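In case you want the letters, here they are:
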Amino acid sequence: TELAEQLRARMEENPDNAEGWFLLGRNYMRIENYPQAEKAYEEVVRLMPEEPAGLLSLADVLIMRDGMRTGPEAMALLQKTLTIDPESVTALWLLGNAAFDNGAVAGALDYWQRAYPLLASEPQMQAQLAQRITDAGGELPPAPEPLPAIMPTAQAPAAPAQQTPNTTDSPAAQP
C-alpha cells in the first residue's frame, strides 16, 4: 500500500527507529506481505533484542510465512521470549501449538496449562484455550485462589447514636 511505502521510505532515512519498524511490520502483516514484515521485525529485534513484542512479532511472521508451521527460528524466538517474560501468554500458546503439531501432546498441555490461568481476564480467549486443552485430553488447571486482602475491608462507620433530650435539664421541665 501507499502508506507502507511512505513509512518504509521514512525508515530508510531513520533506520534506528524501532517503533517505526514495528509499525511498518504491522502494516505489512495486515496486507499479508510476509517477506517485508519479516524484514521490518528483524530490524525491531536488532534494535531491541530483549523486547518481547518484537520477538513475538518476528516469530509470528515466520510462522505465517511457513504456512502456520513453527520452525526452529520461530521456536528460538518464542523460547527467548519466555526467558524474558515467563508469563507471556502468546509465547506459551504458540509453543504449545508447535509441540502439539509435532506430536508432543504432553509438552503442548504443559504450555497451554501454564497459559490458561493467565487468561482469567480474557474469558473468550481462555475458553478457546480450554477447548484446545480438553480436545488434547488434558484437564483444566484449577482456578487460582483469590489473593487474601492486604488490609481488612473498611467497615462503614456506625450511625451516630440518637440523642434523647434530657428532660431534667430543659427549662420547661422545671417547676
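Criteria and cut-off values
Residues numbered from 1 in each chain as written. Predicted model: local features only at pLDDT ≥ 70, side-chain atom pairs only at ≥ 80, totals over all residues. Heavy atoms only, no water. Axes fitted to C-alpha atoms, helices over the stretch in contact; angles between N-to-C directions. Helix = DSSP H or I, 4+ residues; strand = E, 2+ residues; numbered from the N terminus. Parallel < 35°, antiparallel > 145°, perpendicular 65-115°, else oblique. Left-handed = near helix turned anticlockwise from the far one by under 90°. Contact = heavy atoms within 4.5 Å. Nonpolar A, V, L, I, M, F, W, Y, C, P; charged D, E, K, R; others polar. Expected span 1.5 Å × (residues − 1). Buried < 20%, exposed > 50% of the residue type's maximum accessible area, 1.4 Å probe, protein only. Arc of directions from axis to C-beta. Core = buried A, V, L, I, M, F, W, Y, C linked by side-chain atoms within 4.5 Å. Salt bridge = Lys/Arg side-chain N within 4 Å of Asp/Glu carboxyl O.

Trainee: So what exactly am I meant to see when it comes to the packing of helix α2 (residues 18–30) against helix α3 (residues 34–47) here?
Mentor: Each pair of packed helices can be summarised by the angle the axes make with each other and by the distance between the axes. It is at 8 Å that the axes of α2 and α3 come closest, and there the two elements cross at 160 degrees. Between α2 and α3, the angle falls in the class roughly antiparallel. Between α2 and α3 the crossing geometry is left-handed. Where α2 approaches α3, its residues Ala18, Trp21, Phe22, Leu24, Gly25, Arg26, Tyr28 and Met29 are matched on the opposing element by Tyr34, Gln36, Ala37, Ala40, Tyr41, Glu43, Val44 and Leu47. Taken together, the residues that form the contact of α2 with α3 break down as twelve nonpolar, two polar and two charged.

Trainee: Teacher, can you tell me more about helix α8 (residues 123–135) here?
Mentor: Helical periodicity: at 3.6 residues per turn, an α-helix aligns residues three or four positions apart in one direction. In this model, α8 (13 residues) spans 18 Å end to end at C-alpha, consistent with the 18 Å of a helix rising 1.5 Å per residue. Every buried residue of α8 is listed here: Gln126, Leu129, Ala130 and Ile133. The buried residues of α8 all sit within an arc of 110 degrees when viewed along its axis, so they share a single face. When the buried face of α8 is taken as reference, the exposed residues oriented beyond 90 degrees from it are Gln124 and Asp135. Tucked inside the fold, the buried residues of α8 contact α6 (89–101) and α7 (105–115). In the segment just after α8, Gly137 is the residue with positive phi, at about 90 degrees.

Trainee: Sorry if this is basic, but what is going on with the nonpolar core here?
Mentor: A general feature of soluble globular proteins is that nonpolar side chains tend to end up buried together. By size, the foremost hydrophobic cluster in this structure holds 42 residues, and its most contacted members are Leu24, Tyr41, Leu58, Val61, Leu78, Trp112 and Leu129. When contributions to this core are tallied by element, the ones reaching two or more residues are α1 (2–13), α2, α3, α4 (52–65), α5 (72–84), α6, α7 and α8.

Trainee: How should the pattern of salt bridges be read in this particular structure?
Mentor: Opposite charge on two side chains lets them pair, provided their charged atoms get close. Using the criterion set out here, one finds eight salt bridges in the structure. Across the salt bridge formed by Arg8 and Glu5, the nearest N and O atoms sit 2.8 Å from each other. Residue Arg8 and its partner Glu5 are located together in helix α1, separated by three residues, close to a single helical turn. When its relative accessible area of 27% is taken as the criterion, Arg8 is described as partly exposed. Accessibility expressed as a relative area gives 36% for Glu5, which makes it partly exposed. Where Arg8 meets Glu12, a salt bridge forms, and the shortest distance between an N and an O atom there is 2.5 Å.

Trainee: When you look at the environment of Pro141 in this model, what are you seeing that I'm missing?
Mentor: Note that Pro141 resides in the segment after α8. Along the sequence, Pro141 and Ala115 sit 26 residues apart, while their C-alpha atoms lie 9.7 Å from each other. Other than its neighbours up to four places away in sequence, Pro141 contacts Gln113, Tyr116 and Pro117.

Trainee: How should the environment of Gly107 be read in this particular structure?
Mentor: Along the chain, Gly107 falls in helix α7. Classification of Gly107 as partly exposed rests on a relative accessible area of 28%. Distance from Gly107 to Asn97, taken between C-alpha atoms, is 9.5 Å for residues ten residues apart in sequence.

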